[in-house]
Amino acid sequence: MHRILVSALLSLGLASASLGASPTTEQIEFFEENIRPVLAERCYECHNSSDKAKGGLALDWLGGWAKGGESGSVIVAAEPGKSLLLRAIRHENKELKMPKDGPKLSSQVIANFEKWIAIGAPDPRAKQPSREDIAKVTSWESIRGQRKQWWSF
């Protein structure tokens, strides 16, 4: 299944020729529309590089998740089946269910994370954010603005 997904993504031009390649415009758009908002709303509270990195893991920038946490590597680019983050959001491990104090993410959100990892986990967030940057994206005003974009509103 994963090989089929990766092959399909390659044929669409969504996967990088190599993991070290710069993300394409399409990859950045996919990240910004489908991944970053979920990370900001559901993950940064506990996994940020500013003041709280539970398990030693910061998900608020590329360097944070690339380093991994106390459990090791969290994302294996282009290999969703080996990515601890995906297993955690799928609730495959009782101790690693994420988000920890919230409901399981929707199947569409999980599919988006699988696709993102399969295409090499492109992440334009090369610079570690400041405490103010984290506060801004996790504020209720910011989250409410993102939620206003939902079809139900």
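An account of the accompanying structure is given in this report. (Residues numbered from 1 in each chain as written. Predicted model: local features only at pLDDT ≥ 70, side-chain atom pairs only at ≥ 80, totals over all residues. Heavy atoms only, no water.)

**A look at the side chain of His 47**
Next, step 1: Residue position: His 47 is located in the loop between helix 2 (25-43) and helix 3 (62-67).
Next, step 2: Since its relative accessible area comes to 12%, His 47 is described here as buried.
Next, step 3: Engagement of the side chain of His 47 in a polar contact is seen with the backbone oxygen of Lys 54, the distance being 3.1 Å.
Next, step 4: Looking at His 47, its side chain comes within polar contact range of the main-chain oxygen of Leu 57, at 3.2 Å.
Next, step 5: Apart from residues lying up to four places away in sequence, His 47 is in contact with Lys 52, Ala 53, Lys 54, Leu 57, Ala 58, Leu 59, Asp 60 and Met 98. (Helix = DSSP H or I, 4+ residues; strand = E, 2+ residues; numbered from the N terminus. Buried < 20%, exposed > 50% of the residue type's maximum accessible area, 1.4 Å probe, protein only. Polar contact = N/O pair within 3.5 Å; in protein donor to acceptor, adjacent residues only side chain to side chain. Contact = heavy atoms within 4.5 Å.)

**Observations regarding unusual backbone geometry**
Next, step 1: The amide bond that connects Met 98 to the next residue, Pro 99, takes the cis arrangement and shows omega of -5°.
Next, step 2: We note that His 91 has phi near 60°; this positive angle belongs to a residue other than glycine.
Next, step 3: For His 91, the position within the fold is in the loop between helix 4 (84-89) and helix 5 (107-118).
Next, step 4: Judged by relative accessible area, His 91 falls into the partly exposed class, the value being 22%.
Next, step 5: Backbone geometry places Ala 121, a non-glycine residue, at a positive phi of 55°.
Next, step 6: Tracing the chain through its elements places Ala 121 in the loop between helix 5 and helix 6 (131-138).

**Structural notes on the packing of aromatic side chains**
Next, step 1: Taken as a whole and assessed by the stated rule, the structure comprises three aromatic pairs.
Next, step 2: Taking the centre distance of 5.9 Å and the plane angle of 75° together, the rings of Trp 65 and Trp 116 count as edge-to-face. You can see Trp 65 sitting in helix 3 and its partner Trp 116 sitting in helix 5, a full 51 residues away along the chain. In terms of burial, Trp 65 and Trp 116 fall into one category: buried.
Next, step 3: Taken together, the aromatic side chains of Phe 31, Trp 65, Phe 113 and Trp 116 make up a single cluster linked through ring pairs. (Phe/Tyr/Trp six-rings, centres within 6.5 Å; stacked < 30°, edge-to-face > 60°.)

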